[in-house]
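Coordinate analysis (summary)
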Amino acid sequence: MKIPALRANIGDWTYYVTTLTFEQVRTHVSQINQELHKSESLRDLIQRSISSNYLDIKSYILNQPELFFNSLVLAVYDDYPDWREIEFTYEGEETYQMGLLDFPGAFKIFPVDGQHRVEGIKAALEERPELKDQRIAAVFIGHKNDRDGMQRTRRLFTTLNRYAKPVSLDDIIALDEDDSVAIVTRFLLEDYDLFSGKRVAYAKQKAIPPNNHDAITSIITLYQANLELFKTYYSKQFHQKATPKKLEEYLKFRPAQENIDGFQAFCVGFWDAFKTNVNAIADYLAVLENPAADYRNNESGGHLLFRPIGFLPFVKASLIIEDRTQTDFAQIFERFSEIDLDLNRKPWHFVAWNPTTKSMIMRSDSVILLLLIFMLVG
């Protein structure tokens, strides 16, 4: 096997950057065996770390036309490849970083980072062999299968995996082009009057900063509320319960535009009824300066809907009531307007709002949800 590559250094590592076809990955990259531990039990521990997540990667490869991956980090040992550098001159500057990696016959390769990607690629090729010429970026390092070499590679293995961070919910909301809920949430933030401008607060957490007197809720809470709407939409659209597994699978891949448009229309219908028939929201929209100041404060707590811990249960309660009673959302919200949602009054004292410490009571959302349903339908 001969492949073009770039050679570079970082710390005390020399590494080579290249690409491999899916077929080369299947043929030449093995699972970690005796390379990191001599103990059979510890080797088994590493193997068991390859979870069923590789099946999600297989599904991604088979179903996503815009497929893309991070680089694999691969260790080579036994017989190291020969580096045959090529002098490259451009505009008077020379570099010897480019060349060919010439692999001998006895080499062995295992993944230091990307075990699940490797297994996902292999599984995908079992189903669709025609994907064999797809290419993935790879970084090669050298490995010695002795005590010092194992220790050095183990350290790299844990470094690469320990500091890898999953995609944050913030990034999903802002960037994901497959997640229908993220796509529609962005539309609402940009083009829908109830949530545009300063009416939704950016915050790393669901809580809204105390000095914010403009927003009705936070971006994360809005996404979570739209996710609840999507569960209902999914169940109506596909006539089956939206289980966490089904939702997770559906939101991984961009559906047909007509399905996105259908969900967007469902959301707009819900929020239109919400802003028109909930008196506090209609009054809030009519105020130009600091519209949320009277609805969220540290003296009386304000209004339940202007706290994320109340906003989300309110949405959930409305969806549950609509499903159980077949009452349209406009009527549900009209009836909710007759209920006192002032946090400084019963039944919200010591449920959502602590009048002694003048602070919100966290983790009370399930109680709030049940109270809202009881207060409306008994």
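Look a little higher up for the structure.
These numbers come from a predicted model, not from an experiment.

Focus: a nonpolar patch on the surface
On the surface, L6, V17, F88, Y90 and M98 cluster together into a nonpolar patch covering about 450 Å² of accessible area. Tracing the sequence through the fold places L6 in strand β1 (residues 2-10).

Looking at the packing of helix α10 (residues 257-277) against helix α11 (residues 279-286)
At a minimum axis distance of 5 Å, the contact between α10 and α11 shows a crossing angle of 80 degrees. One way to sum up the angle between α10 and α11 is to call them roughly perpendicular. On α11, the residues touching F274, K275 and N277 of α10 are N279, I281, A282 and L285. Tallied by class, the residues present in the contact of α10 with α11 amount to 4 nonpolar, 2 polar and 1 charged.

Focus on the pairing of β1
Here β1 pairs with strand β7 (residues 98-102) via 5 bridges, running antiparallel. Note that in β7 the partner of P4 across the bridge is L100. Summarising the sheet, β1 and strand β2 (residues 13-21) pair through 5 bridges and their orientation is antiparallel. Within β2, the position partnered with R7 by the bridge is Y16.

Some thoughts on the nonpolar core
F195, W271, F274, F333 and F336 are the most contacted members of the largest nonpolar core, which totals 68 residues. Elements that contribute at least two residues to this core include exactly α7 (180-191), α8 (219-238), α9 (244-250), α10, α11, α12 (308-325), α13 (329-336) and α14 (365-377). Beyond its immediate sequence surroundings of up to four residues, F195 is in contact with L188, L189, V200, I216, L222, W271 and F311. Membership of the second largest hydrophobic core comes to 27 residues, among which are Y16, F69, L101 and V118.

Comments concerning unusual backbone geometry
The step from K346 to P347 runs through a cis peptide bond, and the omega angle for that step is 10 degrees. The topology assignment puts P347 in the loop between α13 and β12 (353-354). For R363, which is not a glycine, the phi torsion comes out positive at approximately 60 degrees. For R363, the position within the fold is in the loop between β13 (359-360) and α14.

So, the layout of surface pockets
Counted as a void, the second largest pocket has a volume near 420 Å³. Of all the secondary-structure elements, those providing two or more residues to the lining of the second largest pocket are α12 and β13. Considering each element in turn, the lining of the second largest pocket owes the most residues, 4 residues, to α12. When grouped by side-chain class, the residues that make up the lining of the second largest pocket number 11 nonpolar, 6 polar and 5 charged.

Describing the pattern of salt bridges
Pairs may arise between side chains of opposite charge once their charged atoms sit close together. Tallied over the full model, the rule gives 21 salt bridges. R254 is paired through a salt bridge with E177; the nearest N and O atoms lie 2.9 Å apart. Of this pair, R254 sits in the loop between α9 and α10 while E177 sits in the loop between α6 (169-175) and α7; the two residues are 77 residues apart in sequence, bridging distant segments of the chain. According to the relative accessible area criterion, E177 is partly exposed, its value standing at 44%. Residues participating in the shared-partner salt-bridge network are D56, K245, E249 and K252.

Description of the sheet that holds β1
If you walk across this open sheet you meet the 7 strands as β4-β7-β1-β2-β9-β3-β8, and the pairing is mixed. Edge strands, defined here as strands with exactly one partner in the open sheet, are β4 (82-85) and β8 (108-113). For this sheet, the mean angle separating the axes of adjacent strands, direction not counted, is 40 degrees. Set on the sheet, helix α4 (residues 115-127) makes contact with β3 (72-77), β8 and β9 (135-142); between it and β8 the angle comes to about 120 degrees.

So, how was this worked out
- Residues numbered from 1 in each chain as written.
- Predicted model: local features only at pLDDT ≥ 70, side-chain atom pairs only at ≥ 80, totals over all residues.
- Heavy atoms only, no water.
- Patch = residues over 30% accessible without salt bridge, like charges linked within 9 Å, V, L, I, M, F, W, Y side chains within 5 Å.
- Areas by Shrake-Rupley, 256 points an atom, 1.4 Å probe, with all protein chains shown as cover.
- Salt bridge = Lys/Arg side-chain N within 4 Å of Asp/Glu carboxyl O.
- Helix = DSSP H or I, 4+ residues; strand = E, 2+ residues; numbered from the N terminus.
- Axes fitted to C-alpha atoms, helices over the stretch in contact; angles between N-to-C directions.
- Parallel < 35°, antiparallel > 145°, perpendicular 65-115°, else oblique.
- Contact = heavy atoms within 4.5 Å.
- Nonpolar A, V, L, I, M, F, W, Y, C, P; charged D, E, K, R; others polar.
- Pairing = 2+ DSSP bridges.
- Core = buried A, V, L, I, M, F, W, Y, C linked by side-chain atoms within 4.5 Å.
- Buried < 20%, exposed > 50% of the residue type's maximum accessible area, 1.4 Å probe, protein only.
- 1 Å grid on protein atoms, 1.4 Å probe; cavity = no way out; pocket = protein on both sides within 12 Å on 5 of 7 lines; lining within 4 Å.
- Points joined across faces, edges and corners; volume = space filled by probe spheres on them.

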